[in-house]
Amino acid sequence: MKSIAFSHIGKRSTNQDVISVQQLDHDTYLYLVVDGMGGYEKGEIAAKLVAESVFTFLSHTSEKGEMEIQQAINKANLVIKQFKQTEEIKSGATIGGVLMNAERAKAFWVGDVKIFHFRNDVLLQESNPHNLMNEVISNGAIENPDQVSRYKHVVTRSIQGDVKSSQVEFFEVNPIKESDLLVICSDGVHDIIDGLGLQHVMNKSNSLEIAIGEIESRLKKEAKDNYSLVTAQIGI
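For the structure given in this document, a descriptive report is provided here. For clarity, every value in this text was computed on a predicted model and none was experimentally measured. Position numbers for residues count from 1 along each chain, tracking the sequence in the order it is written. Thresholds applied to this predicted model are a pLDDT of at least 70 for local features of residues and 80 or more for the giving and counting of side-chain atom pairs; totals over whole chains, interfaces and linings are not thresholded and use all residues. Where side-chain values are given, they derive from all heavy atoms of the structure, hydrogens and water being excluded.

## A closer look at the sheet that holds strand β5 (residues 105-110)
Within the open sheet, the five strands sit side by side as β2-β3-β4-β5-β8. Their pairing is antiparallel. Looking along the sheet, the strands with just one partner apiece sit at the ends: β2 (17-23) and β8 (169-173). This sheet shows a mean twist of 10° between the axes of neighbouring strands, independent of strand direction. In terms of strand pairing, strand β4 (residues 93-100) meets β5 through six bridges, oriented antiparallel. The partner of Met 100 across the bridge, within β5, is Ala 105. Across the sheet, helix α1 (residues 43-59) touches β2, β3 (29-36) and β4, and the angle it forms with β3 is around 155°. Between any two strands, at least two bridges found by DSSP are needed for them to pair. Strands are runs of DSSP state E lasting at least 2 residues, helices are runs of H or I lasting at least 4, and numbering of each runs from the N terminus. For helices, the fitted axis covers only the stretch in contact; all axes are lines through C-alpha atoms, and the angles between them, taken along N-to-C directions, range from 0 to 180 degrees. Residue contacts are counted whenever heavy atoms from the two residues lie within 4.5 Å of one another.

Here it is as structure tokens:
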């Protein structure tokens, strides 16, 4: 498996994003971006606890399907609930991840970390963030996204101790091909450059490494928030 990853503080005082690329067993890898929730306390610790909890759970299960991923998120919820009670604070995180082996990739998310699927540098699908803006639009309450853009960063699902508000959403790439690329990124990235923007950079670059380097350089100039990105693809 191949991966390129970065995580930066942006113009914030702390980096509350956590990225992780780890092998779960002989042929399965886990790629994660976990974003500590802004406006809450100790988001960087919450993000680290979630990443560690999800990895630990999935590394000890023989099956790694949707049920097991949801169970891993439920376990992370318990960890965050205990952390909040001990510290007497409000805290939590959102998450986007990919489970990948040589045959398939399972993308999963809770909150506003986004996952993009490209094939031959063409965007095929992307996750729909769990935020108030998308919820209002999907319910038909309003048709113009610009009118509710202020709700973009109000997440409706997260990992903060309540299982009911942390239901996981999925998409799958099956079978996976060598030309498939999955990109996981925090809102600090996709607020600046969306999926078609990522596609444009990749199309005009001679390699993925050059494209990601150009994206990172742009974010260093423009991003106000923490920004983190992880790529996942098969290959040696």
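## Overview of the environment of Ile 176
In this structure, Ile 176 sits in the loop between β8 and β9 (180-185). For every residue, the accessible area (1.4 Å probe, protein chains only) is compared with the maximum for its type, and the residue is labelled buried under 20%, exposed over 50%, or partly exposed between those bounds. Here Ile 176 falls in the buried class, since its relative accessible area comes to 9%. In the structure, Ile 176 is positioned 75 residues away from Asn 101 in sequence and 8.6 Å away in space, judged by C-alpha atoms. Ignoring any residue separated from it by four or fewer positions in sequence, one finds Ile 176 in contact with Met 100, Asn 101, Ala 102, Glu 103, Arg 104, Ala 105, Leu 182 and Ile 234.

## Let's talk about the pairing of β9
Across the six residues of β9, six count as buried, placing the element largely inside the fold. The alternating pattern of β9 places Asp 180, Leu 182 and Ile 184 and Leu 181, Val 183 and Cys 185 on opposite faces, both of which are buried. Relative to β9, strand β6 (residues 114-119) runs antiparallel, the two sharing six bridges. Residue pairing in the sheet places His 117 in a bridge with Leu 182 of β9. Sheet topology places β9 next to strand β10 (residues 227-232); four bridges connect them, and they run antiparallel. For Cys 185, the partnering residue across the bridge sits in β10 and is Leu 229.

## Let's talk about α1
With 17 residues, α1 should cover 24 Å at 1.5 Å per step; its first-to-last C-alpha distance of 24 Å lies within 8% of that length. Every buried residue belonging to α1 is among Gly 43, Ala 46, Ala 47, Val 50, Ala 51, Ser 53, Val 54, Phe 55 and Leu 58, and all of these are buried. The inward-facing, buried residues of α1 abut β2, β3, α2 (66-87) and β4. One less than the number of residues in a helix, times 1.5 Å, gives the span that helix is expected to have.

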